[in-house]
Amino acid sequence: MRLTRRRFLKGSAAAGGLLLAGRLFSGELETLRARTSELEGPLTEEWVPTTCWIGKQDCGILARRINGRVVKLEGHPAHPRNRGTLCPKGVAQIMALYDPNRVKAPLIRTNGKGVPGRWRQASWEEALSLVAEKIREVRERDPSLIVWQKGRSKGSAFYDEAFVKALKATSLGHGAFCSDAGYRACEYTIGLSGVLHPDFRYTRYLLAWGWNLTNAGGNQLCWITWPQQFLAARERGMKVVLIDPRLRGGGPFVDEWLPIRPGTDLALALAFCNVLIQAHHVDQDYLKRYTNAPFLVREDGFFLRLDGKEQVWDLNTDRPQPYDAPGVNPALEGVYTFEGQTVRPAFQVFKDHVASCTPEWAAAICGIPADQIHRIALELGENAMIGSTIRVDGMDLPYRPVSVMAYHMAQQELGFQAVRAILMVFMLLGAVGAVGGPMVSFTWKIHPNFERLDQIQIQDPPYHFYLKNSPYFPINSGNPAVMARVIQNPEKYQVEKLPEAMIIHMANPVISFGSQPDIVEAFKRLKFVVVISPWLSETADLLADVVLPAATLEKYEGPYSISDGYVDGVALRLPIAEPFFQSRGEIEIYLDLCEKLGILYGKGGYLDELNRALKLKEPYLLPLDRKPSVREIFDRWAKSQGIEEGVAYFEKHGVRVGGTIPAKARYGYALEPPFGGVRHRFYGESLLRYREEMKARGVSELYWRDYTPLPTWRPPTMESSPPEYRFYLISYKMIEFKQSRSSFIPLLAELAPRQRLDINPQTARALGIRDGEEVWVESHNAVTGETRRVRVRVHYTEGIRPDTVGLPHGYGLWTHPWAQGQGPGASSLFFTGEGYVSNTADQSFHVKVRIYKA
């Protein structure tokens, strides 16, 4: 029999796992031999259910254990999100579990910060006592100066909610780098929290707008679920148009590719709106009944209000009437005069606004032929079948089988308004909330931000260090890089109190976030930083005072929704082994830390907050006077959910699959009243209010220019860079890697061993650059003039615009020995701050660069 590499890996998997495990636990030959000799007796095999730790989707896993050792990870067939399959990360994370380079015990820094750390090992008692002492010092003066920063917390009830609330800390999420601009745009415009994705079971025409469909997932789901649903929809005949500067893996799966110029998505969406309006593909009933499109707008841009009530032009009485007056028949178009002032319905304002946004206009901006823009817009309108209905779950609902997948495309300077403009394309068609139309979450539930973002009150100084409610960023995502700029120059932003202590939970800001130099310079000024991570991350290496070693798959965590968008259910992460080395699960860490901080017990303590966050019910509430085990907490949670066996049910089955999500929960039109009784914000009057107040407070145009009631195109800031910086740099995700926690895993690194610069061969040859040759990529900040550069090898690909180059995320690590030499991280070339963030302080992953031989 021929021994192939595949046979070798398959045949040696169990033995290799055991061999590696033996080395990890002792590192001594005698121990290895002792463990090997154990295999001479009978083998015991068991399968332990859990969920994936390393990825986003928390897929179901069955861990195969032989004599107590984990030797293989397989997909859990009963889990709706992955149905027995795993992506490369899921399979390979067994090597992360047994990685000998994990932090083996708590570490305390012995040298200064801002340079690679020198460490001494400490006991958990010493480390937690030190952390508690330093955190308590700040908390007693002002708990808001303690920042809790997450990467992907994997247990929001325990971490984001209960711990942050009990500590009274400031939560700083990773959202500005994970489509937060899109989240805020959807919350503000239609009231749902998430970003746009299709109703795959019913969509017939899809705009894959920046969707990396063969390497990434999207809104709330990861890589496996949506590609499966996508392929099923393709088999039913769904047409797909890919809008992206880079073809990615979409080539064989899409009907058409629009290689859009980076950062011009807003202009293309406005052109689509222009064509739809001109061709009368407009759902007037939806706009009149469920949006503010009929509201009358004065010449100053604000709504006409009488007795505090927004007015529409009633076609029955030929005069203004309250929008909710009985029997009112509002006009969508026209110009009217009332008491000497000219008023127009908001839809007419928008129609006038996009009148000049023709396909020819957009073609010059986006680099896409005008006839292609025009044709696709018409196809959208025709496929929307305005006026049609379909019967789902016994209900006759509007049927608009046109949709969009737009998630990480929000990571651009104009991201907030770009997503709003894309939403407006589908609002014109009446597709929002209809069967087959764009979805945002799995159910239709109005988020509190629908009202909050419309009622922001810009405050007087001094401002909070992440600038929310300030005239700089009234709508704010908590961008860590913007906070880093504030820390370096608080006077500029009228900030008096700066953060003093930081708990970094499973995040690596130095690598993951934009403007790496700003992160390092600012965070090293904090008085105390503790990092919770299984590995010594680059952030810990440069900035941490204490590192607490977290477990990976060896812990309880959750609970997790296991919905695939159509089926509901719940799962837990369950320990597949005892924690390796001296690592601990994060929940256990927080229980112990809260006890030392004196905030574990009693009203308002961590346990009390957990009762609320987990929605525990009598008689399963956690007692507030004793520390429970983590397993007990999940047992009480499970029983509170009506699961008689408690956590034992999950320890046996891993998942609990519910039923199909009913139409009355999925579709906005199916709610009673439709859309939860809210009117969608077609016209963003409050954005204009914020703009006027920001201007009145004297802040630079860089801050207020994008606070417009209707999405308004302008060239991105990067276009002001000198002409020698003639290439657009974009970044993207590869399926092999997740954030900064996987490129060092050998099985994944074998698939994508080195960083590379994607470049069109025609462009490269014109520069005299060969495939595989090393070049310098130098970025330019169009506001400050700062430049940054990295050295990387070239990778020829026809699937990218000739004026665009791409660097994937996932690289740039240096602390893990298995990651060294892989090449630079893309984030080191991007900038943050003025000109590279806008409404929501959302990070732009676009910049102009020049390329030259190394």
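Before reading on, note that the structure itself is shown above.
The rules behind each value
- Residues numbered from 1 in each chain as written.
- Predicted model: local features only at pLDDT ≥ 70, side-chain atom pairs only at ≥ 80, totals over all residues.
- Heavy atoms only, no water.
- Pairing = 2+ DSSP bridges.
- Helix = DSSP H or I, 4+ residues; strand = E, 2+ residues; numbered from the N terminus.
- Axes fitted to C-alpha atoms, helices over the stretch in contact; angles between N-to-C directions.
- Contact = heavy atoms within 4.5 Å.
- Parallel < 35°, antiparallel > 145°, perpendicular 65-115°, else oblique.
- Left-handed = near helix turned anticlockwise from the far one by under 90°.
- Nonpolar A, V, L, I, M, F, W, Y, C, P; charged D, E, K, R; others polar.
- Core = buried A, V, L, I, M, F, W, Y, C linked by side-chain atoms within 4.5 Å.
- Buried < 20%, exposed > 50% of the residue type's maximum accessible area, 1.4 Å probe, protein only.
- Polar contact = N/O pair within 3.5 Å; in protein donor to acceptor, adjacent residues only side chain to side chain.
- Salt bridge = Lys/Arg side-chain N within 4 Å of Asp/Glu carboxyl O.
- Phe/Tyr/Trp six-rings, centres within 6.5 Å; stacked < 30°, edge-to-face > 60°.
- Lys NZ or Arg CZ within 6 Å of the ring centre and 35° of its normal.

A. Spotlight on the sheet that holds strand 13 (residues 309-314). If you trace the 3 strands from one edge of the open sheet to the other, you get 12-13-14, paired in antiparallel fashion. Bordering the open sheet on either side are strand 12 (305-306) and strand 14 (319-322), each of which pairs with just one other strand. With 4 bridges connecting them, strand 13 and strand 14 associate as antiparallel partners. Paired with Val-312 across the strands is Gln-321, a residue of strand 14.

B. The sheet that holds strand 25 (residues 655-660), seen in detail. Read from one edge to the other, the open sheet built from 3 strands follows the order 23-24-25, with strand pairing classed as antiparallel. If you trace the sheet from one side to the other, it starts and ends with strand 23 (557-561) and strand 25, each paired once. Averaged over all pairs of adjacent strands, the angle between their axes in this sheet comes to 10°, without regard to strand direction. Examined bridge by bridge, strand 23 and strand 24 (residues 567-573) share 3 bridges and lie antiparallel to one another. Counterpart to Tyr-560 in the pairing with strand 24 is Ala-571. Each of strand 23 and strand 24 is contacted by helix 22 (residues 630-640), which is oriented at about 30° to strand 23, the strand it contacts most.

C. Representation of the packing of helix 9 (residues 265-278) against helix 14 (residues 415-428) within the structure. For the pair helix 9 and helix 14, interaxial distance at closest approach is 8 Å and the crossing angle is 20°. By the angle class used here, helix 9 and helix 14 are roughly parallel. When the axes of helix 9 and helix 14 are compared, the crossing they make is left-handed. For the pair helix 9 and helix 14, contact is made by Leu-266, Ala-269, Leu-270, Phe-272, Cys-273, Leu-276 and Ile-277 and by Gln-417, Ala-418, Ala-421, Ile-422, Met-424, Val-425 and Leu-428, respectively. In terms of residue class, the contact of helix 9 with helix 14 is made up of 13 nonpolar, 1 polar and no charged.

D. Summary view of the nonpolar core. Counting 231 residues, the largest nonpolar core has Leu-207, Trp-209, Phe-272, Phe-350, Phe-426 and Tyr-606 as the members making the most contacts within it. Once you skip the residues sitting within four places of it in the chain, Trp-209 turns out to touch Ile-243, Asp-265, Leu-268, Ala-269, Phe-272, Val-404, Met-405, Ala-406, Tyr-407, Met-409 and Ile-422. Grouped together as the second largest cluster of nonpolar side chains are 25 residues, Met-718, Ile-769, Leu-829 and Ile-851 included.

E. View of the side chain of Ser-779. Tracing the backbone shows Ser-779 in strand 28 (residues 774-780). Of the polar contacts made by the side chain of Ser-779, one reaches the backbone oxygen of Leu-829; its length is 2.8 Å. Beyond its immediate stretch of four places on either side in the chain, Ser-779 contacts Tyr-725, Glu-786, Thr-787, Arg-788, Leu-829, Phe-831, Val-847, Lys-848 and Val-849.

F. View of the packing of helix 9 against helix 13 (residues 370-384). At their nearest, the axes of helix 9 and helix 13 sit 9 Å apart, and the two run at 60° to each other. Between helix 9 and helix 13, the angle falls in the class oblique. The chirality of how helix 9 crosses helix 13 is right-handed. Touching Leu-268, Ala-271, Phe-272, Val-275 and Leu-276 of helix 9 are Ile-373, His-374, Ile-376, Ala-377, Leu-378 and Gly-381, all from helix 13.

G. Looking closely at helix 11 (residues 346-353). For helix 11, the set of buried residues is Ala-346, Phe-347, Gln-348, Val-349 and Phe-350. In this structure, the buried side of helix 11 is in contact with helix 9, helix 10 (284-290), strand 11 (296-297), strand 16 (341-345) and helix 14.

H. Region of interest: the pattern of salt bridges. On inspection of all chains with the given rule, the structure shows 64 salt bridges. Between Glu-126 and Arg-120 there is a salt bridge whose closest N-O contact spans 2.5 Å. Of the charged contacts in the structure, one is a salt bridge between Glu-521 and Arg-525, with a shortest N-O distance of 3.1 Å. With a relative accessible area of 27%, Glu-521 lands in the partly exposed category. Overlapping salt bridges bring together Asp-58, Lys-154, Lys-555, Glu-557, Arg-573 and Glu-586 as one network.

I. Structural context of the packing of aromatic side chains. Using the criterion set out here, one finds 39 aromatic pairs in the structure. A ring pair is formed by Phe-830 and Phe-845, whose centres lie 5.2 Å apart and whose planes are at 75°; its orientation type is edge-to-face. On the criterion of sequence distance, the pair formed by Phe-830 in the loop between strand 30 (804-808) and strand 31 (847-853) and Phe-845 in the loop between strand 30 and strand 31 is long-range, its members being 15 residues apart. This pair shows no difference in class: Phe-830 is buried, exactly as Phe-845 is. Feature note: the residues Phe-158, Tyr-159, Phe-163, Tyr-556, Tyr-590, Tyr-606 and Phe-634 constitute an aromatic cluster, connected by ring pairs. The ring of Tyr-188 has Arg-681 lying over it, and the distance from NZ or CZ to the ring centre is 4.8 Å. Over the aromatic face of Trp-776 sits the side chain of Arg-789, whose NZ or CZ is 3.6 Å from the ring centroid.

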